[in-house]
Amino acid sequence: MIFLNYYIDFDNTLYKTKALTERMLNTIATVCLREKGLKIGEIVEEAKKMFNRENIYNIFELCKFFGNKYKIKEEIIKKEIINIILNGKENVYDDSIEFLEFLKKGGNKLHLLTYTAKGDIEYQSLKIMGSGLGNFFDTLIITSEPKYELDLNYKNGIFIDDNPKDLIGLYEKNPIDLIRIRRADNKYSLQDIDIKIKEYNNLKEIQN
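These numbers were taken from a predicted model, which means no experiment stands behind them. (Residues numbered from 1 in each chain as written. Predicted model: local features only at pLDDT ≥ 70, side-chain atom pairs only at ≥ 80, totals over all residues. Heavy atoms only, no water.)

Enquirer: Any chance you could break down the overall build of the chain for me, citing the residues and the numbers?
Expert: Per the secondary structure count, the chain includes eight helices and six strands. Tracing the chain from N to C terminus, the helices and strands come up as β-α-α-α-α-α-β-α-β-β-α-β-β-α. For the chain, the C-alpha radius of gyration of 19 Å lies close to 17 Å, the compact-globule estimate for 208 residues. Principal-axis analysis of the C-alpha atoms gives the chain an extent of 60 × 35 × 30 Å. (Helix = DSSP H or I, 4+ residues; strand = E, 2+ residues; numbered from the N terminus. Rg over C-alpha atoms; globule rule 2.2 N^0.38 Å.)

Okay, here's the thing in structure tokens:
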């Protein structure tokens with residue numbers, strides 16, 4: 001029997017990152033209501049405008065921003081956010097656990113390969129912990145470098161990802177197989193890529 005190395009992406013492949021973001025921003029607004037009587041709708045809109053790559057792309061920096069602006073102790077907001085992240089099993093896609101169990105039963109080696117911006121290692125680690133998925137994996141790889149520029153034996157791996165940039169880079173490494181997960185609610189789902197690889201709408205389709 002041949003055992004294979006699977007390198008599987010986390011955000012938007014196994015985990016509903018968008019759903020977590022919405023919960024976190026609503027939580028910040030709820031704290032602002034509780035502590036200062038501010039309007040939830042207005043704070044949510046402000047949080048959405050601020051939480052992006054152009055302004056603030058670290059949730060704990062966002063906690064600091066709202067704490068400073070509205071004179072709320074940063075730790076009060078941060079504690080609520082960490083609680084949301086650590087109770088994140090509801091953000092796991094319905095087919096994720098079944099798929100990982102399917103691969104494990106086949107004796108395969110599973111490696112979680114997830115990218116995060118520099119300075120976000122704590123946040124990403126908490127997300128993985130809160131998802132409850134960490135125990136399915138033989139190794140957890142959290143990187144701030146491109147996934148296709150690591151010290152990995154790419155030619156001996158099967159890679160599953162949703163990000164077009166990562167998929168294109170990994171394609172050049174000539175892996176055993178490369179699979180794109182193109183979920184309907186994924187921000188990358190409308191983006192086509194000019195390489196011939198397998199594409200599935202969800203993880204369950206891979207098993208069929």
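Continuing now.
Enquirer: Lay out the sheet that holds strand β1 (residues 5–8) with the relevant residues and their values.
Expert: The strand order β3-β2-β1-β4-β5-β6 describes an open sheet built from six strands, whose pairing is parallel. Since the sheet does not close on itself, it has two edges, and those belong to β3 (139–143) and β6 (198–200), each with one partner. Averaged over neighbouring strand pairs, the angle between their axes works out to 20 degrees when direction is ignored. Here β1 runs beside strand β4 (residues 157–161); their pairing, made up of four bridges, is parallel. Of the residues in β4, the one forming a bridge with Y6 is I158. Sitting on the sheet, helix α6 (residues 121–131) touches β2 (109–115) and β3, and the angle it makes with β3 is about 145 degrees. (Pairing = 2+ DSSP bridges. Axes fitted to C-alpha atoms, helices over the stretch in contact; angles between N-to-C directions. Contact = heavy atoms within 4.5 Å.)

Enquirer: Break down unusual backbone geometry for me, citing the residues and quoting the values.
Expert: In this structure, K71 is a non-glycine residue whose phi angle is positive, near 55 degrees. One non-glycine residue, N174, lies in positive phi territory at about 55 degrees. Along the chain, the position of N174 falls in the loop between α7 (164–171) and β5 (177–181).

Enquirer: Give me the environment of D138: which residues, what numbers.
Expert: Checked against the element boundaries, D138 lands in the loop between α6 and β3. On the accessibility criterion, D138 (37% relative accessible area) is partly exposed. When the C-alpha positions of D138 and H111 are compared, they lie 5.8 Å apart, and in sequence the two are 27 residues distant. Setting aside chain neighbours within four positions, we find D138 in contact with K104, N108, K109 and L110. A polar atom in the side chain of D138 sits 3.5 Å from the side chain of K104. (Buried < 20%, exposed > 50% of the residue type's maximum accessible area, 1.4 Å probe, protein only. Polar contact = N/O pair within 3.5 Å; in protein donor to acceptor, adjacent residues only side chain to side chain.)

Enquirer: Account for the environment of E145, with residues named and values stated.
Expert: Note on placement: E145 falls in the loop between β3 and β4. The sequence separation of E145 and K118 amounts to 27 residues, and the corresponding C-alpha distance is 8.7 Å. In this structure E145 touches Y115, K118 and L150, once residues within four positions along its chain are discounted.

Enquirer: Just give me the short version of α7, but keep the residues and values in it.
Expert: Looking at α7, one finds that the buried residues are P164, D166, L167, G169 and L170. Against the buried residues of α7 lie β4 and β5. Where α7 starts, the residue carrying a side-chain oxygen 2.9 Å from the main-chain nitrogen of K165 turns out to be N163.

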